[in-house]
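Coordinates in review
One letter stands for each residue in the lines below.
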Amino acid sequence: MSRITTRLLIVFTLLAARAVAEEQRPNIVFLFSDDLTCQAISAYRYGLDLPPTPNLDRLASSGMLFENSFCGNSICTPSRATVMTGLHSHRNGIVNLSGGLDPKRPTWPKKLNQSGYSTAIFGKWHMKTKPVGFDTWEVFSGQGNYYNPELFGPSGSRRIEGHSTEVITDLALDWLGKQDGRKPFALLLQHKAPHRNWKPSIQDLELYQNLTLPEPDSLFDNYEGRVAASNHKMGIDGHMRMSSDLMLFKGNEAASVLGRLTEQQRKDYVAAFADENTAFLKDPPVGSELVRWKYQRYMKNYLRCVAGVDRSVGRVLDKLDELKLTENTIVVYCADQGFYLGEHGWFDKRWAYEESLKMPLIVRWPGRVKPNTRCSAMVQNIDYAPTLLEAAGLKVDWKVHGISLMPLLTSAGRTPENWRSTIYYRYIDGGHGVAQHSAIRTNTHKLLHFDSPRNEAEKGSLWELYDLTKDPNEMTNLAIDPAHAERLADMQELFQKTKVFYGDTDEGVWTNRRSTPFAPEDYIRQRSPRRKK
Ligand code: CA
């Protein structure tokens, strides 16, 4: 055999081996939503008995549902940065809503792309700078719009008519249909829904109209023993706007609240709420009855937005079946944090209390993850980067806080003996009257520490301790009960150790608070260069 023939044979063998390897590397479909909380997903069986989410349940029944999945900082931009980098806020450069993701930072999509994956992201990115590591990207600038959203890509922006959940699902399904199987792919479909101000798709406006939804026991919480919580500004009673949050229009308010909608969309919107709004204005409820009315209106619109996301999940799963991609595709469903559905009288997130600390996480991987399994191990958004890279046969080549969930995924959710027994939390943003705080959670207890008390009462109540086994709704602060002093001291010691373990020296908390640390061309919406003083 000539030397040239031998060389050609070697090249062909290598190419063939690579082709096989590419075929075996799983595709990844990452479905992400904004503020979609576990209580709203029927597969979670957590919280009140709310309307079902059949497509998320379908995903859960064919994969693994993580019952104890948590974020590290319960607010949009910081949680997204953690999901991308595998690092807690104090180390990833985004500590609050004004942060932008440094384009030079390593992320799991970037690493996948470098290793030969075809990558795309559609929808809500919300980290100010242009997405890096994607062959295709079309994202909102900042929060984006529910209706007729403007999408920004490498070559400019375009407005697409329709509801954002449906618009970005269409884009994602189109892209999926164009994958030719020569490369594995990673698709990130990231919804705006169900973020405030809750505007469902027109086709969902009449859902639940004749239903009276159950109320949480703590809808009228008096915050006894919880000083910081009593200073919130996220109450259904006092902090929801009647027109922009609740669609209760007076005079010509509809025109400004629904200004972005087309004339027909606006007409449909106003018509859907007309009868209820007329009845309200004729005989307005007051006091606790007004809170109940607001709760029903809020919840129905929130859950209508959830129904849109659920339908999108179904469309993606159907498309994967149609394209015969289901078997070799990992589907991850999650949201950036949890949310209050009236618990403690609240909407919004931010607190280290369970409802907003929890983050839905469902993973389907045919042949690797046993269908219809539930995992109770504590996992966190720092774990996603190492997990998805390991699933793709890659190693994380930067320092991360998280650990791969692969041992849980491939063992039907059995928790290894040496699995983490504590998670760390730190909220820095400070909006909605939520004082800055840190927390740890074990399998049985939670400790909160308020870092920056805002008044004398808060200074006198820096710690909160909860026994989650006896008080899952966190209504009784044991830190003020001398009978629990020993437990409090133990948890305080564990808190300090955990803080050291994750390298939180308080230093990172105050960096990157300015919103423009990058070059103007790095931003999705380009800014003027900062003027030198
Ligand atoms: Ca969010």
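One can find the structure itself at the top, above this paragraph.
Below, the structure is looked at part by part. Position labels on residues start from 1 in each chain and follow its written sequence. In keeping with the model being predicted, local features are shown solely for residues with a pLDDT of at least 70 and side-chain atom pairs are shown and tallied solely at 80 or more, while totals for entire chains, interfaces and linings include all residues. Water and hydrogen atoms play no part in the side-chain values, which are based on all heavy atoms of the structure.

Secondary structure elements are taken from DSSP: a helix is a run of H or I of four residues or more, a strand is a run of E of two residues or more, and numbering for both begins at the N terminus. Across its full length, the protein chain holds 15 helices and 16 strands. If you line up the protein chain on its principal axes, its C-alpha atoms span 90 × 65 × 60 Å. Type-normalised accessible area, obtained with a 1.4 Å probe on protein chains alone, sets the label of each residue: buried when under 20%, exposed when over 50%, and partly exposed for intermediate values. Burial statistics for the protein chain: of 533 residues in total, 58% are counted as buried. Contacts are assigned to residue pairs with any non-hydrogen atoms lying within 4.5 Å of each other. Once local pairs closer than 6 in sequence are excluded, the contacts in the protein chain between residues at least 24 apart make up 70%. What sets the accessible areas is the Shrake-Rupley method with a 1.4 Å probe; for residues, cover comes only from the shown protein chains. Of the accessible surface of the protein chain, which amounts to about 22,600 Å², a share of 51% is contributed by carbon and sulfur atoms. His is not counted, nor are the chain ends, whereas Lys and Arg count as positive and Asp and Glu as negative. Every charge is mapped onto a representative atom, which is NZ of Lys, CZ of Arg, CG of Asp or CD of Glu. Taking the average location of the 68 positive side-chain charges in the protein chain and that of its 62 negative ones, the two points are 8 Å from each other.

With that settled, consider the packing of aromatic side chains. Centres within 6.5 Å make a pair out of two Phe, Tyr or Trp rings, where for Trp the six-membered ring is used; the pair is then stacked when the planes are under 30 degrees apart, edge-to-face when over 60, and tilted otherwise. Considering all chains together, one arrives at 23 aromatic pairs under this definition. With a centroid separation of 6.1 Å and an interplanar angle of 20 degrees, the aromatic rings of W346 and Y353 are classed as stacked. As far as burial versus exposure is concerned, W346 and Y353 are alike and both buried. Each residue in the set Y223, Y340, W346, W351, Y353, F450 and Y466 is aromatic and connected to the rest through ring pairs, giving one cluster. Above the plane of the ring of Y146 lies K192, whose end atom (NZ or CZ) is 5.0 Å from the centre. Whether a charge lies above a ring is judged from NZ of Lys or CZ of Arg, which has to be within 6 Å of the ring centre and within 35 degrees of the ring normal. The ring of W365 has R368 lying over it, and the distance from NZ or CZ to the ring centre is 4.7 Å.

A few words on the side chain of H88. In this fold, H88 is placed in the loop between α3 (76–85) and α4 (89–92). With near-sequence residues (within four places) excluded, H88 lies in contact with G72, T82, Q380, I382, H401, Y424 and Y502.

What follows is about the coordination of the calcium ion. Because water is not among the atoms used, a metal site may look incomplete, as its donors are only the N, O and S atoms within 2.8 Å, or 3.2 Å for Na, K and Ca. Only D34 (OD), D35 (OD), C76 (SG), D336 (OD), D336 (OD) and Q337 (OE1) from the protein reach the calcium ion as donors, at distances of 2.2 to 2.6 Å. In short, tetrahedral needs four donors with all angles between 85 and 135 degrees, square planar needs four and octahedral six donors with opposite donors over 155 degrees apart and all other angles between 65 and 115, and whatever is left is irregular. Note that the calcium ion binds 6 donor atoms; their angles at the metal cover 52 to 160 degrees, and the shape is irregular. Donor residues binding the calcium ion come from one chain and are separated in sequence as D-D-x40-C-x259-D-Q. Of this pair, D34 sits in the loop between β1 (27–33) and α2 (54–61) while D336 sits in the loop between β9 (329–335) and α11 (354–357), and the two are 302 residues apart along the sequence. In this structure D34 comes out as buried when scored by relative accessible area, which is 0%. A relative accessible area of 0% means that D336 is categorised as buried.

This part covers α2. When we look at burial in α2, the residues that qualify are N55, L56, L59 and A60. Taken end-on, α2 shows its buried residues confined to a sector of 145 degrees, consistent with a single buried face. Summarising the contacts, the buried residues of α2 are in contact with β2 (64–66), α10 (287–322), β9 and β10 (361–364). Comment: arc refers to directions from the helix axis out to C-beta atoms.

Pairing between strands is defined by DSSP: at least two bridges between them are needed. One open sheet accounts for 4 strands, arranged β13-β14-β15-β16; its pairing is antiparallel. Since the sheet does not close on itself, it has two edges, and those belong to β13 (423–427) and β16 (463–467), each with one partner. Strand-to-strand twist in this sheet, taken as the mean axis angle between neighbours without regard to direction, amounts to 15 degrees. Relative to strand β15 (residues 445–450), strand β14 (residues 437–441) is paired through 5 bridges, and the arrangement is antiparallel. Bridge pairing links I440 to L447 in β15. In this analysis, axes come from line fits to C-alpha atoms, helices being fitted only over the stretch in contact, and the angle between any two N-to-C directions falls in the range 0 to 180 degrees. Those strands touched by helix α15 (residues 485–501) are β13, β14, β15 and β16, and its axis lies near 70 degrees from that of β15.

Okay, the environment of P200 next. Within the element layout of this structure, P200 appears in the loop between β8 (185–190) and α7 (227–230). Residue classification places P200 among the buried residues on the basis of a relative accessible area of 0%. In sequence terms P200 and T165 are 35 residues apart; their C-alpha atoms lie 9.1 Å from each other. Those residues in contact with P200 that sit more than four places away from it in its chain are Y147, H163, L205, Y269, N301, R304 and C305.

Generally, phi is negative for residues other than glycine and the peptide bonds are trans, each holding for most cases. Residue A193 is joined to P194 through a cis peptide bond whose omega torsion reads -5 degrees. By the secondary structure assignment, P194 is in the loop between β8 and α7. The residue after R196, namely N197, is reached through a cis peptide bond having omega -5 degrees. Considering the arrangement of structural elements, one finds N197 in the loop between β8 and α7.

Time to look at the nonpolar core. Take the buried residues of types Ala, Val, Leu, Ile, Met, Phe, Trp, Tyr and Cys, join any two whose side-chain atoms come within 4.5 Å, and each joined set is a nonpolar core. By size, the foremost hydrophobic cluster in this structure holds 72 residues, and its most contacted members are F30, F66, W108, L112, W125, W351 and L361. Residue contributions to this core peak at 5 residues, all from helix α12 (residues 384–391). Residue ranges assigned to each domain were obtained from an automatic or database domain assignment. There are two domains that each give this core at least three residues, and those are domain 1 (26–200 + 304–415) and domain 2 (424–520). In this structure F66 touches Y44, L361, V363, C375, V379, L405, L408 and L409, once residues within four positions along its chain are discounted. Among the nonpolar cores identified, the runner-up in size contains 69 residues, and L31, L56, A307 and F339 belong to it.

The subject of this paragraph is the side chain of S74. As for its placement among the helices and strands, S74 is situated in the loop between β3 (69–70) and α3. Only 2.9 Å separates the side chain of S74 from the backbone oxygen of S356, close enough to count as a polar contact. Residues within four places of S74 in sequence aside, it is in contact with Q337, G338, K349, R350, W351, S356 and Y425. Whenever a nitrogen or oxygen atom comes within 3.5 Å of another N or O atom, the pair is scored as a polar contact, on the condition that within protein one atom can donate a hydrogen and the other can accept it, and that pairs from neighbouring residues in sequence are kept only if both atoms are in side chains.

So, on to the pairing of strand β7 (residues 156–159). In this structure, strand β6 (residues 150–153) lies alongside β7, joined through 4 bridges in antiparallel fashion. Bridge pairing in β7 places G153 opposite G156. Following β6, the chain reverses through 2 residues before pairing antiparallel with β7.

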